[in-house]
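Each chain is listed here by its residues.
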Amino acid sequence: MSDTYHWATRFGELFVSCCDEYEEGNQEFGEWFDEDDLMFLESIGHTTREVFDFVEDCCSAEGDEPTPETALLVAAVRRDYFLVEQGGVASTNVVSAASLPPKAAELAGVPWLPRIIAKAEAKLRGEMDPDIMFGCGGDRAFLSEVGIHPADFLRMIWAAKGDQDRVVKFVKTGEYS
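Residues numbered from 1 in each chain as written. Predicted model: local features only at pLDDT ≥ 70, side-chain atom pairs only at ≥ 80, totals over all residues. Heavy atoms only, no water.

**Some points on empty space enclosed by the protein**
Part 1 of the argument: Using the criterion set out here, one finds one cavity of 30 Å³ or more in the structure.
Part 2 of the argument: Volume-wise, the largest cavity comes out at about 30 Å³.
Part 3 of the argument: Those elements giving two or more residues to the lining of the largest cavity turn out to be α5 (113–125), α7 (150–160) and α8 (164–173).
Part 4 of the argument: For the lining of the largest cavity, a count of residues per class yields four nonpolar, two polar and two charged. (1 Å grid on protein atoms, 1.4 Å probe; cavity = no way out; pocket = protein on both sides within 12 Å on 5 of 7 lines; lining within 4 Å. Points joined across faces, edges and corners; volume = space filled by probe spheres on them. Helix = DSSP H or I, 4+ residues; strand = E, 2+ residues; numbered from the N terminus. Nonpolar A, V, L, I, M, F, W, Y, C, P; charged D, E, K, R; others polar.)

**Some thoughts on the layout of surface pockets**
Where empty space is left can be seen by rolling a probe of water-molecule size over the atoms.
Part 1 of the argument: There is about 400 Å³ of room inside the largest pocket.
Part 2 of the argument: Along its surface, the largest pocket is lined by 23 residues, and G45, H46, T47, E50 and G126 are the ones closest to its centre.
Part 3 of the argument: It is helix α3 (residues 48–61) that contributes the most residues to the lining of the largest pocket, four residues altogether.
Part 4 of the argument: Residues of the lining of the largest pocket, tallied by class, amount to nine nonpolar, seven polar and seven charged.

**Quick look at the pattern of salt bridges**
Part 1 of the argument: Following the criterion strictly, the structure yields 10 salt bridges and no others.
Part 2 of the argument: The salt bridge partner of D53 is R49, with a shortest N-O separation of 3.0 Å. Here D53 pairs with R49, and both are found in helix α3, just four residues apart, close to one helical turn.
Part 3 of the argument: We classify D53 as buried; its relative accessible area is 8%. (Salt bridge = Lys/Arg side-chain N within 4 Å of Asp/Glu carboxyl O. Buried < 20%, exposed > 50% of the residue type's maximum accessible area, 1.4 Å probe, protein only.)

**Quick look at the nonpolar core**
In globular proteins that are soluble, nonpolar side chains generally tend to be buried together.
Part 1 of the argument: By size, the foremost hydrophobic cluster in this structure holds 55 residues, and its most contacted members are V55, L113, F134, F153 and V167.
Part 2 of the argument: Only α1 (7–23), α2 (35–43), α3, α4 (68–84), α5, α6 (137–146), α7 and α8 provide two or more residues apiece to this core.
Part 3 of the argument: Look past the residues within four positions of V55 in its chain and what remains in contact with it is F15, C18, C19, Y22 and W32. (Core = buried A, V, L, I, M, F, W, Y, C linked by side-chain atoms within 4.5 Å. Contact = heavy atoms within 4.5 Å.)

**Brief notes about the environment of V146**
Part 1 of the argument: With respect to the helices and strands, V146 occurs in helix α6.
Part 2 of the argument: Taking the relative accessible area as the measure of exposure, V146 reaches 26% and is therefore partly exposed.
Part 3 of the argument: Along the sequence, V146 and T173 sit 27 residues apart, while their C-alpha atoms lie 9.0 Å from each other.

**Considerations on unusual backbone geometry**
Part 1 of the argument: Omega for the bond connecting E65 with P66 falls within 30 degrees of zero, at 0°, which places this linkage in the cis form.
Part 2 of the argument: Looking at the element boundaries, P66 is found in the loop between α3 and α4.

**What about the environment of W7?**
Part 1 of the argument: The residue W7 is located in helix α1 in this model.
Part 2 of the argument: Note: C-alpha distance between W7 and E23 (16 residues apart in sequence) is 24 Å.
Part 3 of the argument: Once you skip the residues sitting within four places of it in the chain, W7 turns out to touch F40, I44, L72, A75, A76 and R79.

Here it is as structure tokens:
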């Protein structure tokens, strides 16, 4: 039986350990994880590359976003989606960077929105190409500008179930509906 009660603590400890490795100059993230770590990450629908991307940005941010707490909150939404919607079964589909809407694309007059929606949907399903990141610098700039935390945006994408009008309303007004 897995220990789901302590999963967040384990994720946090693993994240800090990875930050230590990164700050010590070890950027070979494949070396950061032992077999138990890999099994744990698989059990929550997370990949080593996703950990690395948040670790790298966190260490470079010097106390700004993304913080370890943000990484945990984003991982929590993905974990919940993975367990609830996917029944703990990982998708085999991969969303490539080339298939994403262009950075300049707009939805309802909001630049970046089509791109971040597509990335959030891929993140929820665990289909991120290793070369793309939900929560990258561009995503963080957009979300900061509209005042929405990355984890809250993921939750809205999940709740909206493809209803882009609902997402637009959320981005423009902050109202969940």
